[in-house]
Amino acid sequence: MDLGGANKLRAEWPLYNGQLQMEQFRVLRLSTPGTPLLELGYGYGGSANNGNPVTATIKDGAATRTQNFEYDGANRLTSVGEALLTDGTQQAYGQTFGY
């Protein structure tokens, strides 16, 4: 899908795995084809896939963020962590949840 404006963008169709879970989505600037303006990636735990994303990767051209998610036995989110890598500088964020 092409989005108008001075900086024309193209949103690519998402890529899905065999369980129809989105694994990748990209937005491209048409003036620089092949270079994603935004790229989202999701991981679901391979053979332990129960539908919950366990990783997310966000690339915006300037930085790459990797998020990790953990769940309890009732599939409730118990923790999230993020690592941001920008120009060789790493920052971290984390949050835990109790029920």
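Residues numbered from 1 in each chain as written. Predicted model: local features only at pLDDT ≥ 70, side-chain atom pairs only at ≥ 80, totals over all residues. Heavy atoms only, no water.

Asker: I'd like a rundown of the overall build of the protein, residues and numbers included.
Answerer: When helices and strands are tallied, the protein shows 0 helices and 9 strands. Ordered by position in the sequence, the α and β elements of the protein form the string β-β-β-β-β-β-β-β-β. Relative to its 99 residues, the protein shows a buried fraction of 22%. For the protein, the proportion of contacts with a sequence separation of at least 24, taken over those separated by at least 6, is 7%. Approximately 6,700 Å² of the protein is accessible, and the part contributed by carbon and sulfur atoms is 53%. (Helix = DSSP H or I, 4+ residues; strand = E, 2+ residues; numbered from the N terminus. Buried < 20%, exposed > 50% of the residue type's maximum accessible area, 1.4 Å probe, protein only. Contact = heavy atoms within 4.5 Å. Areas by Shrake-Rupley, 256 points an atom, 1.4 Å probe, with all protein chains shown as cover.)

Asker: Lay out the pattern of salt bridges in plain terms, naming residues and giving numbers.
Answerer: This model, assessed by the stated rule, comprises 2 salt bridges. We note a salt bridge from R65 to D60, for which the minimum N-O separation is 3.2 Å. What makes R65 partly exposed here is its relative accessible area of 22%. The shortest N-O distance in the salt bridge between R76 and D72 comes to 2.9 Å. (Salt bridge = Lys/Arg side-chain N within 4 Å of Asp/Glu carboxyl O.)

Asker: Which residues make up unusual backbone geometry, and what values do they have?
Answerer: Leaving glycine out, the prevailing phi sign among residues is negative, and the prevailing peptide bond configuration is trans. Positive phi values are uncommon outside glycine, yet L20 reaches one of about 60 degrees. Along the polypeptide, L20 turns up in the loop between β3 (15-16) and β4 (22-29). In the Ramachandran plot, N75 falls in the positive-phi region, its phi being about 65 degrees despite a non-glycine side chain. Inspection of the secondary structure assignment puts N75 in the loop between β7 (64-71) and β8 (77-86).

Asker: How would you explain the pairing of strand β6 (residues 55-59) if you had to name every residue and give the values?
Answerer: Regular strands have side chains that alternate between both faces of the sheet. Sheet topology places strand β5 (residues 36-43) next to β6; 5 bridges connect them, and they run antiparallel. Pairing of G41 across the sheet is with T57, part of β6. Bridge count for β6 against β7 is 5 bridges, and the pairing is antiparallel. Note that in β7 the partner of T55 across the bridge is N68. The antiparallel hairpin formed by β6 and β7 contains 4 residues in its connecting segment, where G61 sits at a positive phi of about 90 degrees. (Pairing = 2+ DSSP bridges.)

Asker: Could you give an account of the environment of K8, naming the residues involved and the relevant values?
Answerer: Structurally, K8 is set in the loop between β1 (2-3) and β2 (9-11). What makes K8 partly exposed here is its relative accessible area of 48%.

Asker: Quick one: what's the story with the environment of E12, residue by residue and with numbers?
Answerer: With respect to the helices and strands, the residue E12 is situated in the loop between β2 and β3. When its relative accessible area of 27% is taken as the criterion, E12 is described as partly exposed. With 14 residues separating them along the chain, E12 and R26 place their C-alpha atoms 5.6 Å apart. Dropping the residues within four chain positions of it, E12 is found in contact with F25, R26 and L28.

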